[in-house]
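One letter stands for each residue in the lines below.
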Amino acid sequence: MGQNFLIDEDIAFNIVDLAQINNYDLIIEVGPGRGALTKYLAQSHKSIIAVELDKRLAEHMLLNFKSHPNIKIINDDILKIDWIKLIGGYKKILLISNLPYSISTPMLLKYLKQNKITSFVCMLQRELVHRLIAKPNTKEYGSISVLVQYYTTVKKILDVPNNAFIPAPKIDSNVVSINKINKHSFDERWAKFIHLCFSHKRKTLVNNLKSSFAIPKIHEIFHLFNIDLNIRAEQLSVDMFYKLYKGLNK
């Protein structure tokens, strides 16, 4: 299914070690593959749920970890799973994953929407990590930067070269630690607003917004917050985006 399997034992150990899994009651591993991370997670005796989409890999995992009663293997799609049922009554939950690159952004959004999951340690494509931590007035700064930075802090904790995998991908990766800082529940309207703001990066922010808001209202709120009418979305800070959102939706 296009996976790149982690084969570097030192990196696998370091990911689990840096995740500080003893601080959590439940560990949910996304896409365990052949169990590179799982075998180190298993040594903690914590409750671990590993969700694997590939039926053959799930069967492989069931066979390899049948002697570990603390590990539950689920053959399912993590993007479609019933998260309430998965989490159950656990309070402190960590997501951990060597994420398949094809689901990285959807998985990040799923994490943002799960109020009970405060931390996510995952391996991501380096270019995506640059977008997550990007600052205004940089080419990497976009809607995913704003959404992730509003709800979380992102910290790079490990560099991973492409030769740590088989088959080796054409890009390098970073392991990041993502932790919720905003106690507000995920706001779908806020997310749609941010996507609207960045819908055409070459256009001014006013031009992107005028499809959903009246021009006089836009001018009024821009003037209230002293925002230049010619500004583009990539020039605005995360905090100012939220002020603009609240002002336009009053």
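What counts and what doesn't
- Each residue is numbered by its place in its chain's sequence as written, counting from 1.
- With the structure being a predicted model, the display of local features is reserved for residues of pLDDT at least 70 and the display and counting of side-chain atom pairs for 80 or more, all residues being used for whole-chain, interface and lining totals.
- Hydrogens are left out, water is left out, and the side-chain values use all remaining heavy atoms of the structure.
- Helical segments are the DSSP runs of H or I of at least four residues, strand segments are the runs of E of at least two, and each set is numbered from the N terminus.
- Buried means the residue's accessible area, taken with a 1.4 Å probe over protein chains only, is under 20% of the maximum for its type, while exposed means over 50%, and partly exposed covers the values in between.
- Whether two residues are in contact is decided by their heavy atoms: any pair within 4.5 Å suffices.
- Polar contact is defined as a pair of N or O atoms within 3.5 Å, subject to the rule that within protein one atom must be able to donate a hydrogen and the other to accept it, and that residues adjacent in sequence are counted only when both atoms are side-chain atoms.
- Cavities and pockets are found on a 1 Å grid laid over the protein atoms alone: a cavity is a set of points where a 1.4 Å probe fits but cannot escape, a pocket is an open set with protein on both sides within 12 Å along at least five of seven lines, and a lining residue has an atom within 4 Å of such a point.
- Grid points are joined across faces, edges and corners, and a volume is the space filled by probe spheres set on the points.
- Side-chain classes follow a simple rule in which Ala, Val, Leu, Ile, Met, Phe, Trp, Tyr, Cys and Pro form the nonpolar group, Asp, Glu, Lys and Arg form the charged group, and the remainder, Gly included, forms the polar group.
- For our purposes a nonpolar core is just a set of buried Ala, Val, Leu, Ile, Met, Phe, Trp, Tyr and Cys residues, chained together by side-chain atoms within 4.5 Å.

A.B. asks: Got a sec to walk through the environment of Lys 210? Specific residues and values, please.
C.D. replies: Position of Lys 210 among the secondary structure elements: in the loop between α9 (205-209) and α10 (215-224). Residue classification places Lys 210 among the partly exposed positions, given a relative accessible area of 47%. Measuring from C-alpha to C-alpha, the distance between Lys 210 and Leu 196 comes to 9.9 Å, with 14 residues separating the pair along the chain. Setting aside residues up to four positions removed in sequence, Lys 210 forms contacts with Ile 215 and Ile 218. Of the polar contacts made by the side chain of Lys 210, one reaches the side chain of Asn 207; its length is 3.1 Å.

A.B. asks: An account of the layout of surface pockets is needed here, citing residue identities and associated values.
C.D. replies: Taken as a whole, the largest pocket holds about 680 Å³ of empty space. The wall of the largest pocket is formed by 37 residues, among which Gln 3, Gly 31, Gly 33, Glu 52 and Pro 100 lie closest to the centre. Looking at the lining of the largest pocket, the elements that each hand over two or more residues are β1 (5-6), α1 (9-18), β2 (26-30) and β3 (47-52). A breakdown of the residues in the lining of the largest pocket according to their chemical character gives 19 nonpolar, nine polar and nine charged. If you add up the space inside the second largest pocket, you get close to 180 Å³.

A.B. asks: Any details on the nonpolar core? Residues and values, ideally.
C.D. replies: In this structure, Trp 83, Trp 190, Phe 193, Leu 209, Phe 241 and Leu 244 are the most contacted members of the largest nonpolar core, which totals 60 residues. Contacts of Trp 190, omitting those with residues within four sequence positions, involve Val 146, Leu 147, Tyr 150, Tyr 151, Val 238, Phe 241, Tyr 242 and Tyr 245. Counting 29 residues, the second-largest nonpolar core is a separate cluster that includes Ala 19, Leu 37, Ala 42 and Val 160.

A.B. asks: Describe unusual backbone geometry, and please don't skip the residues or the numbers.
C.D. replies: Cis peptide bonds are those with omega within 30 degrees of zero, and the linkage from Ile 166 to Pro 167 qualifies with -15 degrees. Of note, Pro 167 is situated in the loop between β8 (165-166) and β9 (173-180). Located in the positive-phi region is Asn 137, a residue other than glycine, with phi close to 70 degrees. With respect to the helices, strands and loops of the structure, Asn 137 is situated in the loop between α6 (126-132) and α7 (143-151).

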